[in-house]
Amino acid sequence: MATFQLVGLDLYRERVKKLTGSLKPRQVSITLPEESVDKLEWLKESGRNFTTVNALLAKSMAEAFARGLDHIQAGGKDLKEPWRLAAEEWIDRVATRLSTGGGDLKGRMRALKPDTIKRKGFSKIGVDSGALLRSMVAAQVVIK
C-alpha cells in the first residue's frame, strides 16, 4: 500500500489554532495501492485531475471539518476528528467523480480519444477496469 497526500486541508490550520490553541496541525493521507496512486497521477497529467479541490469540494470539506471542531468543543476527545471527517469528504467526492466519469469536474476534463472509447466500449472518463474506484472506496485515512 502507498499513501496519497491530500491537498486542501491547509486551509483549516489557522482556524484550528484560533479556536483551540491546543490542536496541532496534522499530516493527512490515505492508503491506496501503488497502482491507484500511479493511475491518479497519470489521469492528472492527461488533463483529467479527479483530485482537484474546487469550490464545491472545499465547501464540503470545510463543513465536515467544522463538524469535527464542534464535537471537540462539545467535549469530544478525538482531536483528529476534524481532519478525518474532511479527508472522508474528499474520498467520497473523488469516488463520486470516478463513478460518474468526472462528476462536478466533467466539463473541465479532456475527452477520451475515439480509439480509447472503442477499446473500452464506453466513454466514461477515469474508468477502465474499476480497480481505481474500488481502491478509493476502500481507502483508509491516515493522520499523523
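Parameters and conventions
The residue numbering used here restarts from 1 in each chain and proceeds along that chain's sequence as written. At least 70 in pLDDT is required for a residue's local features to be given in this predicted model, at least 80 for side-chain atom pairs to be given and counted, and no such filter applies to totals for whole chains, interfaces and linings, which use all residues. As a convention, hydrogens and water are excluded, and side-chain values are obtained from all of the structure's heavy atoms. By definition, any uninterrupted DSSP run of H or I lasting at least four residues is a helix, any uninterrupted run of E lasting at least two residues is a strand, and each is numbered from the N terminus. Every helix has an expected span of 1.5 Å times one less than the residues it contains. Summary of the burial criterion: residues with accessible area below 20% of their type's maximum are buried, those above 50% are exposed, and those between are partly exposed, where the area comes from a 1.4 Å probe applied to protein chains only. Helix axes use the C-alpha atoms of the stretch in contact, all axes being lines fitted to C-alpha atoms, and the angles between their N-to-C directions lie in the range 0 to 180 degrees. When an angle is under 35 degrees it counts as roughly parallel; over 145 it counts as roughly antiparallel; between 65 and 115 it counts as roughly perpendicular; any other value is oblique. Here a crossing is taken to be left-handed if its near helix is turned anticlockwise relative to the far helix by less than a right angle, and right-handed if that turn runs clockwise. Contact between two residues is taken to exist if any of their heavy atoms lie within 4.5 Å; hydrogens are not considered. When residues are grouped by polarity, Ala, Val, Leu, Ile, Met, Phe, Trp, Tyr, Cys and Pro land in nonpolar, Asp, Glu, Lys and Arg in charged, and all others, Gly among them, in polar. Ring geometry is summarised as follows: Phe, Tyr and Trp rings, the Trp one being its six-membered ring, pair when their centres sit within 6.5 Å, and such pairs are stacked at plane angles under 30 degrees, edge-to-face over 60 and tilted between the two.

Peer 1: So what about helix H3 (residues 55-73)? Which residues, and what values?
Peer 2: Under the 1.5 Å per step criterion, the end-to-end length of H3 is 26 Å for 19 residues, consistent within 8% with the ideal 27 Å. Residues of H3 that are buried: Leu-57, Ser-60, Met-61, Ala-64, Phe-65, Ala-66, Gly-68, Leu-69 and Ile-72.

Peer 1: Explain the packing of H3 against helix H4 (residues 81-99) to me, using residue names and the numbers behind them.
Peer 2: Contact geometry of H3 with H4 gives a least axis separation of 7 Å together with a crossing angle of 150 degrees. It follows from the interaxial angle that H3 and H4 lie roughly antiparallel. Between H3 and H4 lies a crossing whose hand is right-handed. Contacts between H3 and H4 pair Leu-56, Leu-57, Ser-60, Met-61, Ala-64, Phe-65, Arg-67, Gly-68, Leu-69, His-71 and Ile-72 from the former with Glu-81, Pro-82, Trp-83, Leu-85, Ala-86, Glu-89, Trp-90, Arg-93 and Arg-97 from the latter. Among the residues making up the contact of H3 with H4, the classes are represented as twelve nonpolar, three polar and five charged.

Peer 1: An account of the packing of aromatic side chains is requested, with residue identities and associated values reported.
Peer 2: Per the counting criterion, the structure on display carries one aromatic pair. Taken together, a centroid distance of 5.2 Å and an interplanar angle of 90 degrees make the contact between Phe-65 and Trp-83 edge-to-face. Remark: Trp-83 occurs in helix H4 and Phe-65 occurs in helix H3; sequence separation between them is 18 residues. Taken as a pair, Phe-65 and Trp-83 share a single burial class, namely buried.

No statement about biological role is implied by the geometric values presented.
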